[in-house]
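Below are the chains, spelled out letter by letter.
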Amino acid sequence: MKHKPYIFVLALSLICLSGCWDSAELQDLSIVSGIGIDKGGDSVDDRYRTTVQIINPSQIAGGQQGGKVQASPVTTYSATGSTLKEAFHKVSLKAPNELFFPHIQIMIISEGLAKEGILDSLDVIERDAYFRELFPIVIVRGNTAEDALKISTSLIPIPTAKMVASLESSEMIWGEYLPVRADEVIAKLNNSSLTIPGIQINGSAEKGNAGTNIQQILPETIIETSGLAIIKEGKLDKWLEKDAAHGVTWIKNKLNRTIMTLDCQKQKEAIGIEITSSKTNIKVRIKNQSPILTVSILTEGVVTENHCSIDLSKNKTIEELEKKLNEEIKEEIKTTLKVAQEEKSDIFGFSEYVNIADKKLWNKIEDKWEDEIFPETEINVSVQSVIRRTGMSTNSYIK
């Protein structure tokens, strides 16, 4: 039995490793689902105001019992400090247990703070091992991050989970506001421009904090996604709205689905086209030591609505719709490119393609790419659309 000593050692090791000296029970932790960062006061001592949203496990697990009015599924605490770490420590004095950060679902930054700069706000996230950098970051428009974390939400009881679900839905179904994770923001802040989606409180923030907000069929206050913020040199530079925000998704090859509307005869936006797939290809050609970019997009779609008296059974009609769709998509993309070049912000990552195409040239122009080269760079756009189906009917009821 030569193996007995080894079996004993293995068994002893398993016993010793069965616990962890610094482990904490779930009930001894305050699980943070979201954090918000706002501008504090005028003094150095309260430079930042930090808010944490903490989950109430008993309410989430217990559900509605006997028709009783229950406590909120989450609670928020706020505190100010000269640094975010200090503010978090002050919050922990108000919370019932030690703050537990690894399950953060979202980070909210106020618009006012974003205009001053978000670099310092993310420093603690990058340095502290308790933070996992896989949660999305959003910027709240017109209100504070503290207000956003206090809005009660229906259907999805945890507000931060509702915000994340809305972001994911917006990306998958509408293709307008691209979510961005904390690690992606941190990686790009120091050396390039980027976009961060916005959220907006629609209604009264004060009424949204009341429990009655979710007891109505139509809540008085809701949180919705709104716009894409261009972040340049760590600061909020400009908001992209609607078509301009949509164009970012096209260019970055992130579009899954969306709805396009086309004019028909004298009627505005009379035909609905659902884009079911899209593929973007970016190429770089060097001419006279200057890069020329070509953005080529191939899309497929189906007709979802027809409020116009045209016959969709004819190939010529479909070809005309495809041409209109090409122009509509191209117009969105050109709108986005124009804004980005005017703001001198390469939010698309074109610099990476130039670097790959000609590394020597890139080394020469890298330092002046965004401010001098990118705004003057020729960018051509090519769109090819294919309409695969016209639905169950080829004719409209409108004559």
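Residues numbered from 1 in each chain as written. Predicted model: local features only at pLDDT ≥ 70, side-chain atom pairs only at ≥ 80, totals over all residues. Heavy atoms only, no water.

Student: Break down the sheet that holds strand 13 (residues 378–389) for me, with residues and values.
Tutor: Through backbone hydrogen bonds, the strands of a sheet pair up, either in parallel or in antiparallel fashion. Here we have 4 strands laid out as an open sheet, ordered 10-11-12-13, and mixed in their pairing. Of all strands in the sheet, those bounded by a partner on one side alone are strand 10 (258–264) and strand 13. On average, each strand axis in the sheet is tilted by 35° relative to the strand beside it, whichever way the strands run. In terms of strand pairing, strand 11 (residues 267–287) meets strand 12 (residues 290–306) through 16 bridges, oriented antiparallel. (Pairing = 2+ DSSP bridges. Helix = DSSP H or I, 4+ residues; strand = E, 2+ residues; numbered from the N terminus. Axes fitted to C-alpha atoms, helices over the stretch in contact; angles between N-to-C directions.)

Student: Outline the packing of aromatic side chains, listing residues and values.
Tutor: Under the criterion given, the structure shown has 7 aromatic pairs. Ring geometry for Trp369 against Phe374: centres 5.8 Å apart, planes inclined by 45°, an arrangement best described as tilted. Its relative accessible area of 2% is what places Trp369 among the buried residues. Since its relative accessible area comes to 0%, Phe374 is described here as buried. In this structure an aromatic cluster arises from ring pairing among Phe348, Phe350, Trp362, Trp369 and Phe374. Just above the ring of Trp239 sits the side chain of Arg141; from NZ or CZ to the centre is 4.0 Å. (Phe/Tyr/Trp six-rings, centres within 6.5 Å; stacked < 30°, edge-to-face > 60°. Buried < 20%, exposed > 50% of the residue type's maximum accessible area, 1.4 Å probe, protein only. Lys NZ or Arg CZ within 6 Å of the ring centre and 35° of its normal.)

Student: So what about the state of the cysteines? Which residues, and what values?
Tutor: Summed over the entire model, instances satisfying the criterion amount to 1 disulfide. Between Cys264 and Cys308 runs a disulfide, and the two sulfur atoms are separated by 1.8 Å. Judged by the sign of its S-S torsion, about -60°, the cystine formed by Cys264 and Cys308 is left-handed. Here the residue Cys264 occupies a position in strand 10, and Cys308 occupies one in the loop between strand 12 and helix 11 (315–342), the gap between them amounting to 44 residues. In this structure, Cys264 and Cys308 share a single accessibility class: buried. (Disulfide = S-S within 2.5 Å.)

Student: Quick rundown of the pairing of strand 2 (residues 48–55)? Include the residues and the values.
Tutor: Burial runs high along strand 2: 6 of the 8 residues are buried. Inspection of the sheet shows strand 1 (residues 29–39) paired to strand 2 by 7 bridges, in the antiparallel sense. Each bridged residue has a counterpart across the sheet, and for Ile37 the counterpart in strand 2 is Thr50. Taken together, the 8 bridges between strand 2 and strand 3 (residues 74–81) define a ladder with antiparallel strand orientation.

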